[in-house]
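# Fold and geometry: a report
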Amino acid sequence: MPDRRGVGTAVANVRGMAGLTPTEFVERYGRYFNVERVEAIAGLGFMFVEGPAEGVWFEDSEGHKFLDMWCMGGTFSLGHRNPVVLAAAQDALATEDFGSLFFFSEDKGRLAEKLAQCTPGRLETTHPTVTGAEAIDLSIKLARGSTGRTEILYADHSYHGCTGFALSMMARGSMRDYAEPLVPDFTEVCFGDAADLASKISERTAAVVLEAVRTDCDGAIPPEGYLTEVRRLCDETGAKLISDEVVCGMGRLGTFWGCDYWGVEPDMLVTAKGFSGGIYPMSAVVTRPECLDFFGESPYRTISSFAWSNVGARVSLAALEETERLLPRLGPLGDRLHAGVMSITDRFPDLVLSVRRAGMLFAIDFADAGTGLGFLAGMFAAGVLVVASSQRGDVIKLYPPLILEDAEVDLFLDRMESVLSKMAPRG
Ligand SMILES: Cc1ncc(COP(=O)(O)O)c(C=O)c1O
């Protein structure tokens with residue numbers, strides 16, 4: 001884990017702090033939150049007070065505009081305050097609220113029906129939750145409950161959230177170690193290595209939890225045929241396949257869901273982030289019906305007060321419909337961005353080692369963590385937000401909004417070229 005403090009201090013002063021110096025900023029905001037956290041983000045060059053946001057842009061409190069190429073991992077894939085999603089929320093708020101966690105409603109019914117239609121095959125039963133990690137936790141409980149087994153296999157260096165079961169799949173390090181001991185019977189497998197999975201999966205295994213692409217760490221794309229082989233091994237042993245689609249879903253890989261990218265149907269699909277439309281916290285586990293069968297004798301085994309509100313159901317339905325509408329544009333848009341990124345990065349081989357792309361997800365490998373984080377800070381100073389891996393400073397990722405227009409692609413590429421040019425050693 002790189003020490004990010006101090007990185008980007010050169011730009012720490014440039015962006016909207018509502019007239020505050022960096023020290024004043026940390027003092028003013030740090031005292032009410034976690035001062036270490038504020039200092040850490042400040043050290044990366046993000047001395048930032050949020051202002052309004054619209055479409056692919058957000059502003060700081062002083063009106064400086066930033067192109068959002070992170071979209072909070074896909075939360076803002078449809079853009080900030082997407083007008084269709086916003087209208088659905090405003091319409092719902094005129095007459096509705098959360099509703100009850102015990103009752104059904106037309107809104108909840110329509111959302112569940114839409115999820116059954118737009119997810120593959122026999123994924124047709126929806127269980128509502130609020131956050132990604134809560135949904136991951138639920139999927140693991142469902143796997144254990146429905147199989148009567150306990151072992152969970154998960155991929156190394158994957159991120160699935162910070163709640164109990166999700167945290168038990170976290171790579172060792174500062175985000176996890178302080179909370180040990182975690183939930184027992186979680187075993188790591190090597191991401192993308194079918195032989196490693198084959199050597200560990202057995203009739204003890206309740207579930208294998210995977211992403212279609214390992215998003216948080218490095219954007220690693222597994223070899224062709226890997227997910228198909230995982231599916232086969234799960235079928236052979238009776239283990240459930242859980243697809244974490246918190247980032248890979250909702251159009252991110254150019255397909256509706258990450259599992260569609262590989263043509264594989266999981267037993268459970270977990271969606272969050274973009275499922276909220278960036279407006280209202282929503283997540284869900286969509287399962288094959290048999291995963292919920294064991295609930296029969298006690299249907300309220302697990303409940304959550306805010307899960308699946310009526311307002312949220314309208315928002316998520318609008319987000320699903322918008323995503324579906326945008327799918328045809330994602331191939332050409334991703335191709336255009338990819339071609340531009342490649343033609344620029346090819347000119348800076350000392351800085352950029354390689355680029356990976358799956359649909360609308362890009363991971364750029366820099367020479368080292370200092371260079372990667374320097375690029376992040378340089379782009380931010382130039383008015384573009386990209387993101388570093390939480391585990392590796394040398395990997396910078398792009399999660400472009402799915403509504404990006406050609407002119408904004410060109411603007412991004414211009415700024416990328418100019419930041420890399422400034423960073424390149426003079427020959
Ligand atoms: C792949 C993946 N799964 C699960 C989660 C957890 O989602 P949340 O932050 O909503 O709990 C995240 C969050 O970044 C994620 O990237």
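Refer to the structure presented above.
This one's a predicted model, so the numbers in the text were calculated from it and none came from an experiment.

## Quick word on empty space enclosed by the protein
For the coordinates displayed, the defined rule picks out two cavities of 30 Å³ or more. Along its surface, the largest cavity is lined by L210, E211, A212, L227, L241, I242, S243, C259, V264 and P266. Top contributing element to the lining of the largest cavity by residue count: strand β8 (residues 240-244), with three residues. Tallied by class, the residues present in the lining of the largest cavity amount to eight nonpolar, one polar and one charged. Taken together, G73, G74, S77, V246, V247, G249, M250, R252, K273 and G274 make up the full set of residues lining the second largest cavity. Residues belonging to the lining of the second largest cavity are distributed by class as follows: three nonpolar, five polar and two charged.

## Details of the nonpolar core
Formed by 71 residues in total, the largest nonpolar core has its most connected members in V386 and F412. Sorting elements by how many residues they give to this core places helix α10 (residues 310-345) first, with 13 residues. What F412 contacts, discounting residues up to four positions off in sequence, is L67, M69, L337, V341, M379, V384, V386 and L398. With 27 residues, the next largest nonpolar core counts V213, Y226, L227 and L361 among its residues.

## A closer look at the packing of aromatic side chains
Under the criterion given, the structure shown has 12 aromatic pairs. Pairing Y154 with F186 gives two aromatic rings, centres 6.5 Å apart and planes at 55°, and the pair type is tilted. Placement of Y154 in strand β5 (residues 151-155) and of F186 in strand β6 (residues 186-189) is noted, with a sequence separation of 32 residues between them. Residue classification places Y154 among the buried positions, given a relative accessible area of 6%. Residues F294 and F295 carry aromatic rings whose centres are separated by 5.0 Å and whose planes lie at 90° to one another, so their mutual orientation is edge-to-face. On the basis of relative accessible area, F295 is assigned to the buried category, the value being 9%.

## Comments concerning helix α3 (residues 83-93)
An α-helical turn contains 3.6 residues, so any two residues separated by three or four positions project in the same direction. Those residues of α3 not exposed but buried are V85, L86, A88, A89 and A92. An end-on view of α3 places all buried positions within 160° of arc, on one side of the element. Facing away from the buried side of α3 by over 90 degrees, the exposed positions are P83 and Q90. The inward-facing, buried residues of α3 abut α10. Where α3 begins, the side chain of N82 points an oxygen toward the backbone nitrogen of V84, at a separation of 2.9 Å.

## Details of the environment of G55
Inspection of the secondary structure assignment puts G55 in the loop between β1 (50-54) and β2 (57-60). As a C-alpha pair, G55 and S421 span 366 residues in sequence and 29 Å in three-dimensional space. Once you skip the residues sitting within four places of it in the chain, G55 turns out to touch G79, H80 and I403.

## Structural notes on the pairing of strand β12 (residues 361-366)
A large share of β12 lies buried, amounting to six of its six residues. Here β12 shows two buried faces, one formed by L361, A363 and D365 and the other by F362, I364 and F366. Note that strand β11 (residues 352-358) and β12 share six bridges and pair antiparallel. From the neighbouring strand, R356 faces β12, where its bridge partner is A363. Between the antiparallel neighbours β11 and β12 lie two residues, among them G359 with a positive phi of about 60°. Relative to strand β15 (residues 395-398), β12 runs antiparallel, the two being bridged by four bridges.

Scoring rules and cut-offs
Here the residue numbers are simple positions, counted from 1 along each chain's written sequence. At least 70 in pLDDT is required for a residue's local features to be given in this predicted model, at least 80 for side-chain atom pairs to be given and counted, and no such filter applies to totals for whole chains, interfaces and linings, which use all residues. Computation of side-chain values covers all heavy atoms of the structure but excludes hydrogens and water. Residues are called lining when one of their atoms sits within 4 Å of a cavity or pocket point, these points coming from a 1 Å grid over the protein atoms alone, where a cavity is a set in which a 1.4 Å probe fits but cannot get out and a pocket is an open set with protein on both sides within 12 Å along at least five of seven lines. Grid points are joined across faces, edges and corners, and a volume is the space filled by probe spheres set on the points. Helical segments are the DSSP runs of H or I of at least four residues, strand segments are the runs of E of at least two, and each set is numbered from the N terminus. The residue classification treats Ala, Val, Leu, Ile, Met, Phe, Trp, Tyr, Cys and Pro as nonpolar and Asp, Glu, Lys and Arg as charged. All others, Gly included, are polar. Buried Ala, Val, Leu, Ile, Met, Phe, Trp, Tyr and Cys residues that are joined via side-chain atoms within 4.5 Å together make up what is termed a nonpolar core. Residue burial is assigned from relative accessible area. The probe radius is 1.4 Å, only protein chains are included, and a residue is buried under 20% of its type maximum, exposed over 50%, and partly exposed in between. Should any heavy atoms of two residues lie within 4.5 Å, those residues are counted as being in contact. Any pair of Phe, Tyr and Trp rings, taking the six-membered ring for Trp, is counted once the centres come within 6.5 Å. Such a pair is stacked with planes under 30 degrees apart, edge-to-face with planes over 60 apart, and tilted for the rest. Taken from the helix axis, the directions to the C-beta atoms give the arc we talk about. Whenever two N or O atoms come within 3.5 Å, that pair is a polar contact, provided that in protein one can donate a hydrogen and the other can accept it, and provided that, for residues adjacent in sequence, both atoms are side-chain atoms. Paired strands, in this sense, are two strands between which DSSP finds at least two bridges.

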